[in-house]
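What follows is the residue order along each chain.
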2 protein chains.
Amino acid sequence: MARNTTRAEPGQRDLSDDQRADPLFVRSIERAMQVLSAFHHADAPLSLSEIAQQAQLDRSAAQRMVHSLRMMGYIRRDPTGRGFVPGIRILDHTLDYLRLDPLVRRATPVLQELRKIVRERVDLSLFDDLRVVYAVRLQSKRQNFYTTLVGHSVPTFCSSGGWAILSKLPDAQVRDILDRSDRQPFTPETITEVPAILQKVTETRDQGYALGISQILTGEIAVGFPVLDATGAPVAAIHVAGSQAEWTPEEFTRNFVPLASEAARAISEY
Amino acid sequence: MARNTTRAEPGQRDLSDDQRADPLFVRSIERAMQVLSAFHHADAPLSLSEIAQQAQLDRSAAQRMVHSLRMMGYIRRDPTGRGFVPGIRILDHTLDYLRLDPLVRRATPVLQELRKIVRERVDLSLFDDLRVVYAVRLQSKRQNFYTTLVGHSVPTFCSSGGWAILSKLPDAQVRDILDRSDRQPFTPETITEVPAILQKVTETRDQGYALGISQILTGEIAVGFPVLDATGAPVAAIHVAGSQAEWTPEEFTRNFVPLASEAARAISEY
DNA sequence: CAAAGTGTATTGCCATGCGATACACTTGCA
DNA sequence: TGCAAGTGTATCGCATGGCAATACACTTTG
């Protein structure tokens, strides 16, 4: 799998109540979603055969699915040339997700306020087991493409937001998450050893925020803060991210930790 | 239907090559997507019965679908209290959409540059028949919740971006779109009469941009520019939007039209 | 000008999803 | 307190509807 892009794998199941894998799927919809998920590993339009392969389906079965998904607007032909790409109706569900998630609703105005003051990138990322998924992204001037995208995700084990979340989980669960993570480094700086990560988590637990330097992107510096639900369990994190070219870690934390920390507390329900 | 929020209805089919409605759906996946689409009309978590009703399904059939969709992470229980909400896996598909759409890729850096200069809200909206769907949103300081959301859509007939797109379509198609549109006003200012809209479109055709004042949101002023594909057909629009409290229409256009117009041309392939 | 790709359409058989039914639990009203 | 009307969940048989096979038109490749 060609993957030079920063992206974590989606979790397989509903975490909230830990149901184990259940063979009682509605199969056809599982297949349909596999077809749509074929694009997760793509970096260009997919042909039918490629979709069939990714979705573990017959070419003809894949074609039927693609046909139906096209009729509904979830897939469309690539405007230029061959193959298929995701369709715009996807974005309708995106909107539903964002509108209906109480966390996103609460967080957005707070983060806007924060962004206005700090003038660096500000994000909300949602805890999803081995990864955290960006749901709100408020850009700064310096950007790359991926730092603007909703839905982008990074591993929990090596992001400042992830550490912030881990710092609020019981040790056993932290261990479990680290054990199940595929701890591939993104940069030479990425911390991949379990003891070192545990060290970082402890540190985070003590000081109330996580500091990540060049963990995902070389030259990026970020502070992460946990967001808690009404029971005190971590459900998300907020980040402030900037460039090492402009900030020393000390300056960065001194400037942003107090404000961002307060924002995180404002969003939390605990 | 309770709808005080600004939202257009999704189009039913693939527009690119105009396939008429085809009964050869894969039915079960149609039903599955109806279940997910039940949230389009919701403004709070939905119970099984509500989902069943929206999706035109038996309560038990709905429960099977919901179960499967939950196992896959496309639906989750509302964290607090009863009911279901969309699940985070939705955002994986959002990412695929945004990553793989060549238009979004090309437009993002250009819009970032534009945003840096104009310091007002800058958007990319994608043409989808009767509506335009926001895919890239770069905020300014003043915001409301909905002006930050990817996937949000507004009607083509009454938005500056929509007019910009219409101005590049043949008259017959413009008429067709206007005829099929449910031309409900959003504000007292909203232009709903076909002749007046055609007038606006002609004006836009002449001057190369569309000026919208309080069309969707009272007090909002926006300029829209068409984005063309390689064949010269309009596929999207870019907007710069600000507040009437800060700008007269003349000042606004004088300041932003030249830059934004150039940006739109840079994104276009024609 | 084959050969190997695209994407599309049709058809029959049997896996599979719907609907009926039952149940455990919570909430609200009498 | 009890019962009615809500939640959400689980199981199972039958008929429906989706998979696989097959065929074809078209484009790009060598």
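First things first, this report covers the structure right here in the doc. What you see as residue numbers is a count from 1 along each chain, following the sequence as written. As they are written, the chains are lettered A onward and the ligands numbered 1 onward, keeping that order. Since the coordinates come from a predicted model, pLDDT governs what is reported: local features require at least 70, and pairs of side-chain atoms require 80 or more to be given and counted, while whole-chain, interface and lining totals use all residues. Computation of side-chain values: all heavy atoms of the structure, hydrogens and water removed.

It is worth spelling out the interface of chain A and chain B at this point. Taken together, the 80 residues of chain A in the interface contact 80 residues of chain B. On the chain A side of the contact with chain B, Met 71, Leu 91 and Tyr 97 of chain A bury the most area, a combined 9% of that side's loss. Think of a salt bridge as a Lys or Arg side-chain nitrogen and an Asp or Glu carboxyl oxygen that are within 4 Å of each other. At the surface where chain A touches chain B, the tally comes to 4 salt bridges. Ionic pairing is found between Arg 131 of chain B and Asp 92 of chain A, a salt bridge with its closest N-O pair at 2.8 Å. Pairs of N or O atoms are called polar contacts if they sit within 3.5 Å, as long as, within protein, a hydrogen donor faces a hydrogen acceptor (for residues adjacent in sequence, only side-chain-to-side-chain pairs). The tally of links from chain A across to chain B stands at 12 residue pairs in polar contact (both at pLDDT 80 or more). Helix and strand definitions here come from DSSP, where helices need a minimum of 4 consecutive H or I residues and strands a minimum of 2 consecutive E residues; each element is numbered from the N-terminal end. Counting residues per element, the ones that place at least two in the side of chain A that touches chain B are helix H1 (27-37), helix H3 (59-72), strand S1 (75-77), strand S2 (84-86), helix H4 (90-100), helix H5 (102-118), strand S3 (121-128) and strand S4 (131-138) of chain A. Asp, Glu, Lys and Arg are counted as charged, while Ala, Val, Leu, Ile, Met, Phe, Trp, Tyr, Cys and Pro are counted as nonpolar; the rest, among them Gly, fall into the polar class. Among the residues making up the side of chain A that touches chain B, the classes are represented as 38 nonpolar, 18 polar and 24 charged. Residue contacts are defined here by distance: any two heavy atoms, one from each residue, within 4.5 Å place the two residues in contact. Once two parts are joined, some of their accessible surface, as seen by a 1.4 Å probe, is lost; buried area is that loss totalled over both.

Residues in contact with DNA strand D amount to 20 residues; listed here are only the nearest, Arg 31 and Ser 60 of chain A together with Arg 27, Ser 28 and Arg 70 of chain B. Between DNA strand D and Ser 28 of chain B, the relevant distance is 2.7 Å, taken from a phosphate oxygen to a main-chain nitrogen or oxygen of the residue. With respect to DNA strand D, the side chain of Arg 59 of chain B contributes an N or O atom lying 3.2 Å from a base nitrogen. Those elements giving two or more residues to the surface near DNA strand D turn out to be H3 of chain A together with helix H1 (27-37), helix H2 (48-54) and helix H3 (59-72) of chain B. Here the residues of the surface near DNA strand D sort into 5 nonpolar, 6 polar and 9 charged. Any residue with at least one heavy atom within 4 Å of a molecule or strand is counted as near it.

Further remarks concern the side chain of Ser 28 of chain A. Secondary-structure assignment places Ser 28 of chain A in helix H1. We classify Ser 28 of chain A as buried; its relative accessible area is 15%. Here's how the labels work: a residue is buried when its accessible area is under 20% of the maximum for its type, exposed when over 50%, partly exposed in between, all with a 1.4 Å probe on protein chains only.

Near DNA strand C lie 20 residues; those nearest to it are Arg 27, Ser 28 and Arg 70 of chain A together with Arg 31 and Ser 60 of chain B. Backbone atoms, meaning sugar and phosphate, form 61% of the atoms of DNA strand C found within 4 Å of the protein. Contact distances for DNA strand C include 2.8 Å between a phosphate oxygen and a side-chain N or O atom of Arg 70 of chain A. Contact between DNA strand C and Gly 83 of chain A: a phosphate oxygen at 3.2 Å from a main-chain N or O atom of the residue. Of all elements in the fold, only H1, helix H2 (48-54) and H3 of chain A together with H3 of chain B reach the threshold of two or more residues within the surface near DNA strand C.

Strand residues, when the strand is regular, have side chains that alternate between the two faces of the sheet. Residues and elements named next belong to chain A. By the bridge criterion, 4 bridges tie strand S6 (residues 210-213) to strand S7 (residues 220-228) in an arrangement that is antiparallel. Across the sheet, residue Ala 210 finds its bridge partner in S7, namely Gly 224. Hairpin connection from S6 to S7: 6 residues lie between these consecutive antiparallel strands, with Ser 214 at a positive phi of about 55 degrees. Strand pairing follows a simple DSSP-based rule, namely that at least 2 bridges must link the two strands.

Okay, the packing of helix H7 (residues 171-180) of chain B against helix H8 (residues 194-207) of chain B next. Residues and elements named next belong to chain B. Remark: H7 packs on H8, axes separated minimally by 11 Å, with the N-to-C direction vectors making an angle of 140 degrees. With respect to each other, H7 and H8 are oriented oblique. Of the two possible hands of crossing, H7 and H8 adopt the one that is right-handed. Residues Asp 171, Val 174, Arg 175 and Leu 178 of H7 lie in contact with H8, whose contacting residues are Val 194, Ile 197, Leu 198 and Arg 205. Looking at the contact of H7 with H8 residue by residue, the class counts come to 5 nonpolar, no polar and 3 charged. Where helices are involved, their axes are fitted lines through C-alpha atoms of the stretch in contact, as for all axes, and angles between N-to-C directions lie from 0 to 180°. For this classification, under 35 degrees means roughly parallel, over 145 means roughly antiparallel, 65 to 115 means roughly perpendicular, and everything else is oblique. For any pair of crossing helices, the crossing counts as left-handed if the nearer helix is rotated counterclockwise from the farther one by less than a right angle, and right-handed if it is rotated clockwise.

Our next topic: the sheet that holds strand S4 (residues 131-138) of chain B. All names here are of chain B. As summarised here, the arrangement of the 6 strands in space is S5-S4-S3-S8-S7-S6, forming an open sheet in which the pairing is antiparallel. On the outer flanks of this sheet lie strand S5 (153-155) and strand S6 (210-213), each paired with one strand and no other. Taken pair by pair, the neighbouring strands of this sheet meet at an average axis angle of 30 degrees, ignoring direction. For S4 and S5, the ladder comprises 3 bridges, and the chain directions are antiparallel. The residue bridging Val 132 from the neighbouring strand is Val 154, located in S5. Contacts from helix H5 (residues 102-118) reach strand S3 (121-128), S4, strand S7 (220-228) and strand S8 (234-243), with the element oriented near 150 degrees to S3.

Least-squares superposition aligns the copies on the C-alpha atoms of those residues with pLDDT at or above 70 in both. The two copies are related by a screw operation: chain A maps onto chain B through 180 degrees of rotation and 0.0 Å of translation along the axis, at an RMSD of 0.0 Å. Both chain copies can therefore be described as sitting about a two-fold axis. Measuring from the rotation axis to each C-alpha of chain A, the shortest distance belongs to Ile 29 of chain A, at 2.7 Å. Both copies present the same face, since 100% of the interface residues in chain A are matched by interface residues at the equivalent positions in chain B.

Residue and element names in this part refer to chain B. For H5, with 17 residues, the first-to-last C-alpha span of 24 Å sits near the 24 Å given by 1.5 Å per residue. A residue's bend is the angle separating two fitted axes: one through the seven residues that end there, the other through the seven that start there. The largest bend along H5 measures about 30 degrees and falls at Thr 108, with the proline Pro 109 one to four residues further on. Those residues of H5 that fall on the buried side of the exposure criterion are Leu 103, Val 104, Ala 107, Thr 108, Leu 111, Gln 112, Leu 114, Arg 115 and Val 118. Where H5 begins, one side-chain oxygen reaches toward the backbone nitrogen of Leu 103, 2.9 Å away; that side chain belongs to Asp 101. With its phi angle positive at about 60 degrees, Arg 119 sits one or two positions after the end of H5. To estimate the expected span of a helix, count its residues, drop one, and scale the result by 1.5 Å.

Time to look at unusual backbone geometry. With a phi close to 55 degrees, Gln 56 of chain A is a non-glycine residue in the positive phi region. Mapping Gln 56 of chain A onto the fold places it in the loop between H2 and H3.

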